[in-house]
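These are the residues of each chain, in order.
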Amino acid sequence: MSTLTAPRTRAAMPPVRGRSFILVRDGLWRIVDASGAVIGYIECHSGDDGDRYSARRVVFSTRTHDLGVFCRIGDAVDCFR
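All of the points below concern the structure found in this document. (Residues numbered from 1 in each chain as written. Predicted model: local features only at pLDDT ≥ 70, side-chain atom pairs only at ≥ 80, totals over all residues. Heavy atoms only, no water.)

In this section: the side chain of Glu-43. Summarising the element assignment, Glu-43 is placed in strand β3 (residues 38-47). For Glu-43, a relative accessible area of 16% translates into the label buried. At 3.0 Å, the side chain of Glu-43 and the side chain of Arg-25 are in polar contact. Not counting the four nearest positions on each side in its chain, Glu-43 is found in contact with Arg-25, Gly-27, Leu-28, Arg-52, Tyr-53, Ser-54 and Arg-56. (Helix = DSSP H or I, 4+ residues; strand = E, 2+ residues; numbered from the N terminus. Buried < 20%, exposed > 50% of the residue type's maximum accessible area, 1.4 Å probe, protein only. Polar contact = N/O pair within 3.5 Å; in protein donor to acceptor, adjacent residues only side chain to side chain. Contact = heavy atoms within 4.5 Å.)

Here's what the structure looks like:
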């Protein structure tokens, strides 16, 4: 995957077939599948050593499962391929 930069206010993420990345607020994206169901979230966390991206998968309508924290936005996006 090519190097990706993700401005915290960008409305769209790198394209993934059958997935849409919707900006919810500054630094938080909602991932939906082709039918419109929410399948997860990616959130940007700023720290002293740079930005980190956490990926969470929706398990039930009110629960999520942490998939990991990544240094690169592309790695967090790959969780939803």
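Additional details are given in the paragraphs that follow.
On to the sheet that holds strand β4 (residues 50-60). With antiparallel pairing, the 5 strands of this open sheet are ordered in space as β1-β2-β3-β4-β5. Each of the sheet's edge strands pairs with one partner strand only, and the pair in question is β1 (19-25) and β5 (63-70). Averaged over neighbouring strand pairs, the angle between their axes works out to 25° when direction is ignored. Across 6 bridges, β1 lies against strand β2 (residues 28-33) in antiparallel orientation. For Ser-20, the partnering residue across the bridge sits in β2 and is Val-32. (Pairing = 2+ DSSP bridges. Axes fitted to C-alpha atoms, helices over the stretch in contact; angles between N-to-C directions.)

Moving on to the nonpolar core. If you look at the biggest cluster of nonpolar residues, it comprises 14 residues, and the most contacted ones within it are Phe-21, Ile-31, Ile-42, Tyr-53, Ala-76, Val-77 and Phe-80. Secondary-structure elements contributing two or more residues to this core are β2, β3, β4 and α1 (73-78). (Core = buried A, V, L, I, M, F, W, Y, C linked by side-chain atoms within 4.5 Å.)

Direction of pairing for β4 relative to β5: antiparallel, over a ladder of 7 bridges. Paired with Arg-57 across the bridge in β5 is His-65. Linking β4 to β5, which pair antiparallel, is a turn of 2 residues.

Let us look at the pairing of β2. Where β1 folds back onto β2 in an antiparallel hairpin, the turn is made up of 2 residues, including Gly-27, whose phi is positive at roughly 85°. Sheet analysis places β2 next to β3, joined by 5 bridges and oriented antiparallel. Each residue of the ladder has a partner; that of Trp-29, found in β3, is Ile-42. Between the end of β2 and the start of β3, which pair antiparallel, lie 4 residues, with Gly-36 showing a positive phi angle near 95°.

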